[in-house]
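Coordinate analysis (summary)
Residues per chain are reported as follows:
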Amino acid sequence: MSRRGDHFVVRPGGPLHGTARAGGAKNSALKLMAACLLAEGRHRLAGVPRIVDVEIMAQVLGAIGVRVERLPDAADGGPGDLVIDTPATLVPEAPYELVEKMRASVVVLGPLLTRAGRASVSLPGGDDFGSRPIDIHLHGLSMLGASFETVHGNIEGRVPGWPGGRLVGQRVVFEYPSHTATDNVLMAAALAKGTTVIENAAREPEVSDLAAFLVRMGASIRGAGTSHIEVDGVDELHPAPDAHRVVPDRVVAATLLAAVGLAGGDVVIEDARADHMDMLLRKLEEIGITVAQAPEGLRASAAGRLHSVDVATLPYPGVATDYKPFIVTMLSVADGVGIVTENLFSGRFRYVDELRRMGADIRTEGHHAVVRGVARLSGAPVRAPDLRAGASLVLAGLAADGETVVSAARHVDRGYEDLATTLRALGADVERA
Ligand code: EPU
C-alpha cells in the first residue's frame, strides 16, 4: 500500500463521466481469507481488493502461521491474486494488536476451533458506531459444543475432548441474522461431525460467496443466500482447485452511484450487480438516479436536483446500514424532507455532526434522522469518523461550494483501494494531501 496523506481535499465537481470498477467485496474477501484456515495447502483468491483491512487480515493469518502472498497486479490494473499457504499445524491465536484494529478478525474463531480444537481471540474493537457484541457468534459455536471463557480480554474457546472430540452439528437458531456470526458458524460447521442447521441465517451475497468457496473446498452446504442453511460436516477440506474470484463489492458500487447522484453525470460501474442491490436501486430511482444494466456492470446517470425519500436500514435484502451515510448525504441536498431510520447500529449517526458543519439540515432523534434538503452544502474541514461515513463526506464535498478537507482519511483506506484516484478518473476534483 502506497503511503498517502491523511486528508482528502475535495472541490465541487461534476458532471462525472467514464468507467469505474466496484472490485472485490471487502466483506467477502476477509471471510474467504479466514476460510483458508480450514484446509492445509495452497489457496488462491482472485479480485481481493488492495485495502488496509485485507492487509490486517493477512497479518492475523500470519500470526496463526499462515503465509499470505500478493501476486503482481493483473494486466488490466486490477489486483494480483492472493496466495494463501496454510500449514498442517496452526497457532490458534489472534492477538489484541490486530483484532483491535479490525473487528472482522473475529471470523477466525470458527475456523480455528473446528480445525485446531482451540482458539484465543481478543475481544474485537473496530468501527466506532455503537456497541457491537459477539454473543450471537458465541451462542452459535457453543451450540456446536465449543466452550468459552473470557481471560485477560481474550475469548478462549475450546472443543471438549480434543483431539478425539470434534464440534458436533446442531440446529442453531440466531436471534438476529448476524452477518459475521453466520460466517463463523458456517465455517465451523463445515468440519463438524454431522449436520448443522442455521435458522435466521444472514442472506448477504457475501455469505453465499463464502459458502460457494467452502463447497469448492469440499464442504457440503445447502441453502446459502436463504435464512435456512444446512451444512453436512466433512472430515477434511482441501484447497479449491483453482482461484476463487471474490464477489463484487456492493458498497463500493453504492458509493459510486451516490457520487453520480451528488455530482450528476453518466458513469459505468464495472462488475456492479443489480441483483445484489435491489432495494437500494429502488430507492435511488426515487431519489432521481437512473440505473440500467450495462454489459460491463451498471450504468448510472443523474442530472438536476435529487428528490427526498424515506429509508429504513434492514438486514439483507433490505437497504444495508452501510449505504446509509451515502443516502443521508444525498438527502441533505435533495428537494424535500426525508426520514432515515437506522435499525442495526445504534451509534451510526456520528457523521451527521460533520455534515451539519457543511450546512446540512439534519435532526437526529434516537435511531431516526430527519434530513431537510438544502440547495447546496458549504465546504468545511470535517473528520471521517469511520469507513463509510468518511467516504460519504468525500462525496458531500462534490456537492459543496468551496473546499472540503476530510481528515482521518485512513478510515476510508480500510475499504477503498484509492477513492481519490477513482473519483478523479471520473472527472471529480479530489486529491490526497
Ligand atoms: N450483533 C449482536 N451480537 C452479535 C453480532 C451482532 O448483537 O454477536 C448486532 C450488532 O451489534 C448489530 C447487528 O447485530 O446491531 C448487526 O450486526 P452483524 O453481526 O450483522 O454485523 P457484522 O457481521 O459485525 C457486517 C459487516 C459490516 C456491516 C454489517 C451489517 C463485515 C466484516 N462487516 O458486520 O460492514 O455493516 O455486517 O450488514 O462483514 C463495513 O464494511 O464497514 C462494515 C461495518
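As the structure is a computational prediction, the values presented were derived from the model and not from experiment.

Cis geometry is adopted by the peptide bond preceding Pro 15, which originates at Gly 14 and carries an omega value of -5°. Position of Pro 15 relative to the elements: it lies in the loop between β1 (7-11) and β2 (16-21). Trp 162 connects to Pro 163 through a cis peptide bond whose omega is 10°. Checked against the element boundaries, Pro 163 lands in the loop between β9 (154-158) and β10 (171-173). Despite not being glycine, Asn 200 shows a phi value in the positive range, around 60°. Positionally, Asn 200 belongs in the loop between β11 (195-199) and α7 (205-216). Here Asn 200 falls in the partly exposed class, since its relative accessible area comes to 29%.

Reading across the sheet, the 4 strands line up as β23-β25-β1-β26 and stay open at both edges, with mixed pairing between neighbours. Edge positions in the open sheet fall to β23 (381-383) and β26 (429-432), since each of these has one partner strand only. For this sheet the average axis-to-axis angle between neighbouring strands, irrespective of direction, equals 20°. Here 3 bridges tie β23 to strand β25 (residues 404-407), and the two strands are oriented parallel to one another. For Pro 381, the partnering residue across the bridge sits in β25 and is Val 405. On the sheet, helix α12 (residues 387-398) packs against β1, β23, β25 and β26 and is oriented at approximately 25° with respect to β1.

Let us now look at the nonpolar core. Counting 79 residues, the largest nonpolar core has Phe 8, Met 277, Tyr 323, Tyr 416, Leu 423 and Val 430 as its most contacted members. It is helix α8 (residues 250-263) that contributes the most residues to this core, 11 residues altogether. Apart from the residues within four sequence positions on either side, Tyr 416 is in contact with Arg 4, Ile 51, Val 251, Val 252, Thr 255, Phe 326, Leu 387, Arg 388 and Ala 391. Core analysis: the next-biggest nonpolar cluster, separate from the first, contains 75 residues, Leu 32, Leu 45, Val 159 and Leu 210 among them.

Another aspect to go through is the pattern of salt bridges. Enumeration according to the criterion identifies 31 salt bridges in this entry. Among the salt bridges present, the one from Arg 414 reaches Asp 53, with a minimum N-O distance of 2.9 Å. Of this pair, Arg 414 sits in the loop between α13 (410-413) and α14 (419-425) while Asp 53 is found in helix α2 (residues 52-64), placing the two residues 361 residues apart along the sequence. Its relative accessible area of 12% is what places Arg 414 among the buried residues. Residues joined by salt bridges that share partners form a network here, namely Arg 4, Asp 413, Asp 418 and Arg 432.

The next point concerns the packing of aromatic side chains. We describe a pair of aromatic rings using the distance from one ring centre to the other and the angle between the two ring planes. All told, the structure shown has 0 aromatic pairs when counted by the stated rule. The ring of Phe 349 is capped by Lys 324, whose NZ or CZ atom sits 3.9 Å from the centre of that ring. For the cation-ring pair, Arg 432 lies above Phe 8, with the distance from its terminal atom to the ring centre recorded as 4.6 Å.

Examined against the element boundaries, His 276 turns out to sit in the loop between β15 (265-270) and α9 (278-287). Not counting chain neighbours up to four residues away, the residues in contact with His 276 comprise Pro 205, Val 247, Arg 250, Tyr 316 and Tyr 323.

Tracing the backbone through its elements, the reader meets Ser 105 in the loop between α3 (96-99) and α4 (109-116). A polar contact is formed between the side chain of Ser 105 and the backbone oxygen of Met 102, at a distance of 2.5 Å. Once residues within four sequence positions are removed from consideration, Ser 105 is found in contact with Met 57, Val 60, Leu 98 and Val 99.

Time to look at the pairing of strand β7 (residues 118-122). Among the 5 residues in β7, 4 count as buried, and that is most of the element. Sheet topology places strand β6 (residues 93-94) next to β7; 2 bridges connect them, and they run parallel. Looking at the pairing, Glu 93 lines up with Ser 120 of β7. Bridging between β7 and β9 involves 5 bridges; their strand directions are antiparallel. Within β9, the residue paired with Ser 122 across the bridge is Asn 154.

The rules behind the values
- Residues numbered from 1 in each chain as written.
- Predicted model: local features only at pLDDT ≥ 70, side-chain atom pairs only at ≥ 80, totals over all residues.
- Heavy atoms only, no water.
- Helix = DSSP H or I, 4+ residues; strand = E, 2+ residues; numbered from the N terminus.
- Buried < 20%, exposed > 50% of the residue type's maximum accessible area, 1.4 Å probe, protein only.
- Pairing = 2+ DSSP bridges.
- Axes fitted to C-alpha atoms, helices over the stretch in contact; angles between N-to-C directions.
- Contact = heavy atoms within 4.5 Å.
- Core = buried A, V, L, I, M, F, W, Y, C linked by side-chain atoms within 4.5 Å.
- Salt bridge = Lys/Arg side-chain N within 4 Å of Asp/Glu carboxyl O.
- Phe/Tyr/Trp six-rings, centres within 6.5 Å; stacked < 30°, edge-to-face > 60°.
- Lys NZ or Arg CZ within 6 Å of the ring centre and 35° of its normal.
- Polar contact = N/O pair within 3.5 Å; in protein donor to acceptor, adjacent residues only side chain to side chain.

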